[in-house]
Amino acid sequence: EASMLVGSLGMLPSASIGESGPGVFEPCHGSAPDIAGEDKANPLALILSAAMMLRYDLDRAEEAALLETAVEAVLDEGLRTADIKQEGDGCKLVGCIEMGQAVAAQLEKIEVPVEV
């Protein structure tokens with residue numbers, strides 16, 4: 001049911017965080033073994049899970065925000081994997097690899113202040 005709120009399990013990061021010790025961060029959909037090797041999986045939930053790990057386990061909120069901003073930017077550009085693509089939406093259908101590369105490209109564009 002949760003996937004109905006965001007459109008796809010491919011968009012849902014998840015975390016199991018205890019009172020002490022490191023948490024476990026992974027996409028809600030797991031590893032999607034049914035489409036392994038087909039360049040179909042949506043990598044955004046994994047990237048957003050990494051953002052959660054940065055924010056909640058490693059106390060790196062600024063770095064988490066960078067990942068979240070990059071994901072938002074590629075979605076704003078109209079890139080969509082098959083699980084979130086809708087007919088007639090004017091968005092470009094991409095695979096897992098191209099979506100991941102697009103997020104990486106966005107991260108390269110973001111200027112991060114360097115502390116010395």
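Our structure is the block above this text.
As the structure is a prediction and not an experimental result, all values here were calculated from the model. The numbering scheme is per chain: residues are counted from 1 as the chain's sequence reads. Selection of residues for local features in this predicted model requires a pLDDT of at least 70, selection of side-chain atom pairs for listing and counting requires 80 or more, and totals for whole chains, interfaces and linings are taken over all residues. Excluding hydrogens and water, the side-chain figures rest on all heavy atoms present in the structure.

## Considerations on the overall build of the protein
Of regular secondary structure, the protein possesses 4 helices and 4 strands. Ordered by position from the N terminus, the helices and strands of the protein form the series α-β-β-α-α-β-β-α. Relative accessibility decides the category of a residue: with a 1.4 Å probe and only protein chains considered, values under 20% of the type maximum give buried, values over 50% give exposed, and everything between is partly exposed. Considering the protein as a whole, with its 116 residues, one finds that 34% of them fall into the buried category. Residue contacts are defined here by distance: any two heavy atoms, one from each residue, within 4.5 Å place the two residues in contact. Within the protein, counting contacts between residues at least 6 apart in sequence, those at least 24 apart form 49% of the total. Exposure was quantified through the Shrake-Rupley algorithm and a 1.4 Å probe, taking into account, for residues, occlusion by the shown protein chains and nothing else. Entry remark: accessible area of the protein is about 7600 Å², with carbon and sulfur atoms responsible for 54%. Here a strand is any run of E in DSSP of at least two residues, a helix any run of H or I of at least four, and the numbering for each starts at the N terminus.

## Things to note about the environment of L12
Tracing the chain through its elements places L12 in the loop between α1 (2-6) and β1 (13-16). A relative accessible area of 14% means that L12 is categorised as buried. It is 8.2 Å that separates the C-alpha atoms of L12 and L46, two residues lying 34 residues apart in sequence.

## Examining the packing of helix α3 (residues 61-76) against helix α4 (residues 96-109)
Contact pair α3 / α4: the axes reach a minimum separation of 9 Å and the direction vectors enclose 120°. The pairing of α3 with α4 is recorded here as oblique in orientation. α4 is crossed by α3, and the crossing has right-handed handedness. Contacts between α3 and α4 involve L66, L67, A70, V71, A73 and V74 from the former and M99, A102, V103, Q106 and L107 from the latter. When residues are sorted by character, Ala, Val, Leu, Ile, Met, Phe, Trp, Tyr, Cys and Pro go into the nonpolar class, Asp, Glu, Lys and Arg into the charged class, and all the rest, Gly among them, into the polar class. Looking at the contact of α3 with α4 residue by residue, the classes come out as 10 nonpolar, 1 polar and no charged. Axis lines are fitted through C-alpha atoms, for helices just across the contact stretch, and the angle between N-to-C directions can take any value from 0 to 180 degrees. These descriptions rest on fixed angle ranges, namely under 35 degrees for roughly parallel, over 145 for roughly antiparallel, 65 to 115 for roughly perpendicular, and the rest for oblique. Working rule for handedness: look at the near helix, and if it is turned counterclockwise from the far one by less than a right angle, call the crossing left-handed; if clockwise, right-handed.

## As for the side chain of S14
Along the polypeptide, S14 turns up in strand β1. A distance of 2.7 Å separates a polar atom in the side chain of S14 from the backbone oxygen of E26. When residues no more than four places from it in sequence are discounted, the contact partners of S14 are V24, F25, E26, P27, C28, S49 and M52. Counted as a polar contact is a pair of N or O atoms within 3.5 Å, where, for protein atoms, one must be capable of donating a hydrogen and the other of accepting one, and residues adjacent in sequence contribute only when both atoms are in side chains.

## Focus: the nonpolar core
Nonpolar cores were defined as sets of buried Ala, Val, Leu, Ile, Met, Phe, Trp, Tyr and Cys residues, with membership established by side-chain atoms within 4.5 Å. Ranked by internal contacts, the top residues of the largest apolar core, which has 18 residues, are L44, V71, V74 and V103. Those elements that provide at least two residues to this core are α2 (44-57), α3 and α4. Among the elements that take part in this core, α3 stands out by supplying 6 residues, more than any other. Ignoring any residue separated from it by four or fewer positions in sequence, one finds V71 in contact with L44, I47, L48 and V103.

## Some thoughts on α2
One less than the number of residues in a helix, times 1.5 Å, gives the span that helix is expected to have. Between the first and last C-alpha of α2 there are 19 Å, a value that for 14 residues agrees with the 20 Å anticipated at 1.5 Å per step. If you check which residues of α2 are buried, you get L44, A45, I47, L48, S49, A51, M52 and L54. Those residues of α2 that are buried are in contact with β1, β2 (24-27), α3 and α4.

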